[in-house]
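Given next are the chains, with one letter for each unit.
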Amino acid sequence: MLRKLVLLVGVASLTALPALAGEWHAGNNNVCTDCHTMHFSMQHNWDGTTPVPTSGGANGNWLSASGPNQYLLKAPANQLCLSCHDGQTFAPDVLGVNTNASPTQGRSAGALNDPALGSPYETWKGHTLDSTTAPPGFNPALVGAPATWYDNTQGLECISCHSQHGSATAYRNLGSYSLGGAATAARPTYVISTTNDATKDVWINLASYTANSGNAATFNPYYDTLNVGYNRNDAVVGTTHTSNRMDTFCATCHGNFHGGAGDANIGASTAVLDGFIRHPTSQVTIGASGTQGYGGHSTLSRYTGATTKVKVYASDRTGYTDATPGCISCHKAHGNQNPFGLIFLNRTATAVTEQGGYATGQVEMTNGYGVGYRNLCGQCHSQGN
Amino acid sequence: MRPSRQARGVRFVLGLSLVASAAGAGEYHTGTTNNCSDCHTMHNSENGQPMRYDNDKNGAPKLLRAADSLQLCLQCHDGQSTAPDVVDEDANQTPDRAAGFFPRNWWQPPPSGTNPTAHLMGTQVDAPWGGQTTLTCVSCHDPHGTASYRNLKLDPRGIGAPQPVVSHQIVPRGGNIAQFYDSANVRYKRGMTSWCVNCHVGTNQPDHHSVDITIDNSPSGLASYPTWVGVTLPRVPVQTPNDDVIPSPDDQVFCLSCHKAHGSANPFGLIYPDGATLDSACSQCHVE
């Protein structure tokens, strides 16, 4: 991955920014010394105390045993991120099992994995840190991103997807700096409010959120699947149809798998409404019939009749009359305990976890995930269900 | 009067025989056994490798894992011992496949001057109801399963057709394909003729061999129940609406008494109980 040479200066970031902007990594919470060290040497902590921990800690009081590192990092890149975001109670845990109590319906992005974790977070169940595998469907040109913005030989890093210095307007600080000018179209916007703003890509249904509580009870609702919704805002980015910048973002790596009717990699046309060769991820209204009946193989009433629904891109949150599936309908962005990070959610599940949820009495097959697949597909499709 | 032989060229269409498990409803292709991912792939990519069974990296219509439904169905239903084999030699060595079989060259019309032995698949043919059509497995069978016998479509042409009622003498348990699909295990009750006539219009008319009529009660005494009782060769299938006993007075001749639904080694998919002659079938009911 081409990395932009970032000139770091050892100046604490004390810029006053709104509390809603980028949350912890932007705004006035994250300070430079949380992640960077000028000389890779700390005889004492910032408050004069000793010893200096070698694992991540609050207020910058730590220094990894591995270093010095590029970009004056306190630890190698992924290790640095995980020093806070794995196994710590003061920050959301994103790798494997959640150290903190689970949000009501689980972490909205699920969990990453790495080769060391093993069951139930094997590497084939989501994004694998440090993986050098080329992203499946890699075709960033389809969404106008540079063909070389991501170099898989360098290994997958947290900052392959997230902006480590935060973004005031990007949901979860999504959008790597390496995307350059393409980042604008690929950074989902968001709103935190009990009232949706349909012009934003993501709606976090909370009255407010203040970062830096260091307490899961405070940050769990912010990351809870239950509270996250996605609006539909159609556009064409590059040559790909999209209904939400989340999809465009995913397409910067998995471009061949994203798009809508009329996109060559997805198929279907006005002449052949059901001519899809890949599952559409945008601008295909569930159950739509007629001249724009690309959704003819799905059933809106089936989706709306579900008591537990997968996420869709929709601005009509009552009748879902404009609902279209997207990548986030089927996959957890980080991953989970299912193949491909799929969400095996039955439409009548009584409980929802990061893995989805089964209906009462359902038992998964001993030789596969057949019930889970049916549950997921059955959210919108009645065939075989 | 001798019963008329099949004179008109009846076009057999290949219907996909989708495996069923439960004795009542659709078996494997319904319920919780068939995975969506057995037949469909969302992105045709698994760690960058194609998921199509033919390893084609391009996406296929309807997100199938093969070029089309025919090729997909035959991935399981030809030459595999884990599913009923419907083409040519039977990988499961079923004594007598209830629906018969398609020839190896299932897509090829019969040579000039000969008659088809099975429903012709994947090729445009004259439709029995008029016009032309191209038959595939899913012309007759619902790939997503139905509550009907062998996942037969409830109304293939959308004109109304009753659901065939069929019972089995054994239940499937995954490892008994040869037994479950053996004709000896099947008891046809009612409705199959009407289902066939859904496409083969006119075959239940007076100028065709009687169907859905009790052997013991054939018009003008053309058929003989004692003759039927005295059969020593393998019996042709009959409908037995009131019981599972064959022979018994309620036994009825129907479409499948003479024809295998998929096809056979004989013209028009006819059944030759002695392996050689049509007369060996006719003489099971008729004394002429």
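Small disclaimer: the values here were computed from a predicted structure and weren't measured.

Observations regarding the overall build of chain A
At step 1: For chain A, the helix and strand inventory stands at seven helices and seven strands.
At step 2: Mapped in sequence order, the helices and strands of chain A form the string α-α-β-β-α-β-β-β-α-α-α-β-β-α.
At step 3: Taken over C-alpha atoms, the radius of gyration comes to 21 Å for chain A, in line with the 21 Å a tight globule of 385 residues would show.
At step 4: Over its C-alpha atoms, taken along the principal directions, chain A stretches across nearly 70 × 45 × 40 Å.
At step 5: Scored against the burial criterion, the 385 residues of chain A give a buried share of 50%.
At step 6: Across chain A, the fraction of contacts at a sequence separation of at least 24, relative to all contacts at a separation of at least 6, is 51%.

Things to note about the overall build of chain B
At step 1: If you tally the helices and strands in chain B, you get eight helices and six strands.
At step 2: For chain B, the N- to C-terminal ordering of α and β elements is α-α-β-β-α-β-α-β-α-β-α-β-α-α.
At step 3: The burial tally for chain B puts 43% of its 288 residues in the buried class.
At step 4: Excluding contacts between residues fewer than 6 apart, the proportion of contacts in chain B whose partners are at least 24 apart in sequence is 54%.

Regarding the environment of A:Gly372
Residues and elements named next belong to chain A.
At step 1: Mapped onto the fold, Gly-372 is located in helix 7 (residues 370–377).
At step 2: Overall, the presence of 25 C-beta atoms within 10 Å leaves Gly-372 in the buried class.
At step 3: The residues contacting Gly-372, other than those within four sequence positions of it, are Asn-338, Phe-344, Gly-356 and Glu-364.

A short note on the interface of chain B and chain A
At step 1: In this assembly, 20 residues from chain B lie in contact with 21 residues from chain A.
At step 2: Here the side of chain B that touches chain A is composed, by residue class, of five nonpolar, 14 polar and one charged.

Concerning unusual backbone geometry
At step 1: Following A:Gly67, the chain continues into A:Pro68 via a peptide bond in cis, with omega recorded as 5°.
At step 2: Here A:Pro68 shows up in the segment before helix 1 (77–85).
At step 3: Between A:Ser119 and the following residue, A:Pro120, the backbone shows a cis peptide bond with an omega angle of 0°.
At step 4: Within the secondary structure, A:Pro120 sits in the loop between helix 1 and helix 2 (183–186).
At step 5: For A:Phe340, which is not glycine, the phi torsion reads 60° and is therefore positive.
At step 6: Mapped onto the fold, A:Phe340 is located in the loop between helix 6 (327–330) and strand 6 (344–345).
At step 7: The class of A:Phe340 is partly exposed, set by 19 C-beta atoms lying within 10 Å.
At step 8: Look at B:Leu63: it is not a glycine, yet its phi comes out positive at around 60°.
At step 9: With respect to the secondary-structure elements, B:Leu63 resides in the loop between helix 1 (36–39) and helix 2 (69–77).

Some points on the pairing of strand 3 (residues 165–168) of chain B
All names here are of chain B.
At step 1: The two faces of strand 3 differ: Val-166 and His-168 on one face are buried, but Val-165 and Ser-167 on the other face are not.
At step 2: Bridge analysis of strand 3 against strand 4 (residues 186–190) gives four bridges, and the strand direction is antiparallel. Within strand 4, the residue paired with His-168 across the bridge is Val-186.

Side note on the confidence of the model for chain A
At step 1: Mean pLDDT for chain A: 90, with 94% of residues reaching 70 or above.
At step 2: Throughout residues 1–21 of chain A the model reports pLDDT below 50, and contacts reaching past four residues in sequence, or to other chains, amount to 38 contacts.

Notes on the nonpolar core
At step 1: In this structure, A:Ala186, A:Val202, A:Ile204, A:Ile343 and A:Leu376 are the most contacted members of the largest nonpolar core, which totals 73 residues.
At step 2: When neighbours within four sequence positions are excluded, A:Ala186 is seen to be in contact with A:Val143, A:Ala145, A:Gly175, A:Leu179, A:Arg245, A:Thr248, A:Phe249 and A:Thr252.
At step 3: Listed in part, the 33 residues of the second largest apolar core include B:Met192, B:Ile215, B:Val238 and B:Cys258.

With respect to the confidence of the model for chain B
A low pLDDT score tells you not to read the predicted coordinates there in detail.
At step 1: Taken residue by residue, chain B gives an average pLDDT of 84. The fraction at 70 or more is 86%.
At step 2: The complex model carries a pTM of 0.85, and its ipTM stands at 0.84.

As for the sheet that holds strand 2 (residues 202–204) of chain A
Sheets are built from strands that pair by backbone hydrogen bonding, the pairs being arranged parallel or antiparallel.
All names here are of chain A.
At step 1: Overall, mixed pairing links the three strands, which are arranged 1-2-3 in an open sheet. Strands at the two margins of the open sheet, each flanked by one partner only, are strand 1 (190–192) and strand 3 (228–230). Averaged over all pairs of adjacent strands, the angle between strand axes in this sheet comes to 20°, irrespective of strand direction.
At step 2: Looking at chain direction, strand 2 and strand 3 are connected through three bridges and run antiparallel. In the strand pairing of strand 3, Val-202 is matched with Tyr-230.

A closer look at helix 3 (residues 216–223) of chain A
Residue and element names in this part refer to chain A.
At step 1: Taken residue by residue, helix 3 has Ala-216, Phe-219, Tyr-222 and Tyr-223 as its buried positions. Looking down the long axis of helix 3, one finds its buried residues gathered within 125° of arc, a one-sided arrangement.
At step 2: Summarising the contacts, the buried residues of helix 3 are in contact with strand 2.

Concerning helix 7 of chain A
At step 1: Taken across its eight residues, helix 7 of chain A has seven buried, putting it largely inside the fold.
At step 2: By the burial criterion, the buried members of helix 7 of chain A are A:Val371, A:Gly372, A:Tyr373, A:Arg374, A:Asn375, A:Leu376 and A:Cys377.
At step 3: If you follow the buried residues of helix 7 of chain A, they end up packed against helix 6, strand 6 and strand 7 (356–357) of chain A together with helix 1 of chain B.

Let's talk about the environment of B:Arg190
Residue and element names in this part refer to chain B.
At step 1: Note that Arg-190 resides in strand 4.
At step 2: Separated by 22 residues in sequence, Arg-190 and Asp-212 place their C-alpha atoms 8.2 Å apart.
At step 3: Once residues lying within four places of it in the same chain are set aside, the contact partners of Arg-190 are Val-165, Gln-239 and Pro-241.

Quick look at the environment of A:Asn212
Residue and element names in this part refer to chain A.
At step 1: Within the secondary structure, Asn-212 is located in the loop between strand 2 and helix 3.
At step 2: Overall, the presence of 17 C-beta atoms within 10 Å leaves Asn-212 in the partly exposed class.
At step 3: Linking Asn-212 and Ser-102, residues 110 residues apart in sequence, is a C-alpha distance of 18 Å.
At step 4: Excluding residues that lie within four positions of it along the chain, Asn-212 makes contacts with Trp-24 and Asn-29.

Scoring rules and cut-offs
- Residues numbered from 1 in each chain as written.
- Chains lettered and ligands numbered in written order.
- Predicted model: local features only at pLDDT ≥ 70, side-chain atom pairs only at ≥ 80, totals over all residues.
- Helix = DSSP H or I, 4+ residues; strand = E, 2+ residues; numbered from the N terminus.
- Rg over C-alpha atoms; globule rule 2.2 N^0.38 Å.
- Buried ≥ 20, exposed ≤ 12 C-beta atoms within 10 Å, placed from the backbone.
- Contact = placed C-beta atoms within 7 Å.
- Nonpolar A, V, L, I, M, F, W, Y, C, P; charged D, E, K, R; others polar.
- Pairing = 2+ DSSP bridges.
- pLDDT = per-residue confidence, 0-100.
- Core = buried A, V, L, I, M, F, W, Y, C linked by C-beta atoms within 7 Å.
- Axes fitted to C-alpha atoms, helices over the stretch in contact; angles between N-to-C directions.
- Arc of directions from axis to C-beta.

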